[in-house]
Each structure stands twice: as structure tokens, then as C-alpha cells.
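Coordinate inspection notes
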Amino acid sequence: MRAKIRGFDIYKEYLDVRAQISLVEDVRAVASQAPMFSPQTPYGKPMSVHMTSAGTVGWYADKTGYRYAPTHPHGTKWPPIPAAVLALWHDLTGLERAPDCCLINYYGEGARMGMHQDRDEADFSWPVLSVSLGDAGLFRIGNKTRGGKTESLWLESGDVVVMGGAARLTYHGVDRIRFGSSSLLPKGGRINLTCRVVT
Ligand code: SIN
Ligand code: FE2
């Protein structure tokens, strides 16, 4: 099932439950090597979302700003991007180039992500691929500049979104999650994977 909302390609129920379970195992393996952390925003507030990354670089934030870092805050290399995630990227983007980073976001109860653009990458002609696992999240899509009318949709476990083309710099965010709506993660919560070409 594919829908286009403001230039975002929305693939509802793209991954079956087996594929979702397998991705959660991949995420656990990454997080066991590169533990989740909650970055400080440049404004000094910790993010409510916990995160880690796989790939040659990982997304990171602290007082000095947002950036991609070659190592985990512990000083270790980020684990490689799981093969199933790479396969999904190649299938849905049609690109030969692999992503440099797979950011793994974990939304516990009450976590959210404010409206933002993904703009820490060097070249916005590459798309961003986003995979949702676990509890449903209310995803809001805005405009190319901050503000204005927005549209929202619930992203559920197994849904995949490609943000590319003219919509690559469209504002988006997650207003809230419906904690406990999915049984995929025994302790509840939502995992979102975003793959990006960074350099
Ligand atoms: C993000 O924009 O980085 C995350 C989007 C999501 O959690 O669906
Ligand atoms: Fe984003």
C-alpha cells in the first residue's frame, strides 16, 4: 500500500511481523555494542527520545550542536548497519549507494520529537528512509519552512516512509506515541530507524 503525503512516500504495512521481529533483534544487537543514550540538545535539554546508531557515522547532539560523529560517546566505533536494513534501503530507494548512517530512535512513554528538518547531511538529493517498529507514533508533516498547516498520520509497526526529492527538507516530527498499542516490544515503546547518506 503506497500513499504520497506532501511528497513523502508512505508504505503502510510494508514489513510483515516476521520481518519486524527480525529487525528488532538486529536493533538489540546494535544497542548491545553501542548502548542507547539521550543526547543533550544545544538548548541544554535532554531529548526525550533515546538513540544510538549503526554505520560509519552516528548522529549526535550536544551543547555545540547537531552533527554526525565517527564514534559512539563511549569512544567505540558504531556497529555496521544490519544487512536487512541495507536490503530495505536498496529495495525502496532503488539506489546502489548504501547509507552511511542508520539512526535508531527509541520512544518510551511520553517521548516525542519536535518539528525539524533533517539537514545535517552534505547532500539533500539523497533520500531518507524511515522504518517504524512497535507502538504507533503520530507523525506530523509540515512544510519546507517552519510553520503553516500540517498533516498527521499514525505510523504503525512495519510502516516505512521515504522522504526524498522535493520533500527532502520538509519539516516533520512525532507528536506522541500510543504507548502499549503494539505487542512487538515486550516493554512497549516505539523504535524508528532512519537511514541517511551523510557525506
Ligand atoms: C525523525 O524524524 O528523525 C524520526 C521520525 C520518526 O520517528 O518517525
Ligand atoms: Fe527527521
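Each remark here, short or long, concerns the structure printed above.
Since the structure is predicted, the reported quantities are computational estimates derived from the model, not experimental observations.

Thresholds, definitions, all that
Residues numbered from 1 in each chain as written. Chains lettered and ligands numbered in written order. Predicted model: local features only at pLDDT ≥ 70, side-chain atom pairs only at ≥ 80, totals over all residues. Heavy atoms only, no water. Donors = N, O, S within 2.8 Å, 3.2 Å for Na, K, Ca; no water. Tetrahedral: all angles 85-135°; square planar, octahedral: opposite > 155°, others 65-115°. Helix = DSSP H or I, 4+ residues; strand = E, 2+ residues; numbered from the N terminus. Near = heavy atom within 4 Å. Areas by Shrake-Rupley, 256 points an atom, 1.4 Å probe, with all protein chains shown as cover. Nonpolar A, V, L, I, M, F, W, Y, C, P; charged D, E, K, R; others polar.

1. Examining the coordination of the iron ion (ligand 2)
The protein atoms that coordinate the iron ion (ligand 2) are H116 (NE2), D118 (OD) and H172 (NE2), at distances of 2.1 to 2.2 Å. Around the iron ion (ligand 2), the 4 donor atoms sit at angles spanning 88 to 176 degrees, and that spread fits a shape best called irregular. The sequence pattern formed by the donor residues of the iron ion (ligand 2) is H-x1-D-x53-H. Of this pair, H116 sits in strand 7 (residues 113–116) while H172 sits in strand 12 (residues 172–177), placing them 56 residues apart in sequence.

2. Examining the site of ligand 1
For ligand 1, the full set of nearby residues is N105, Y107, M113, H116, F139, H172, V174, R190, N192 and R196. Protein chains bury 98% of the 260 Å² of accessible surface belonging to ligand 1 in isolation. If you list the elements that add at least two residues to the shell around ligand 1, you get strand 6 (101–107), strand 7, strand 12 and strand 13 (190–196). The biggest single contributor to the shell around ligand 1 is strand 13, with 3 residues. Counted by class, the shell around ligand 1 contains 4 nonpolar, 4 polar and 2 charged residues.

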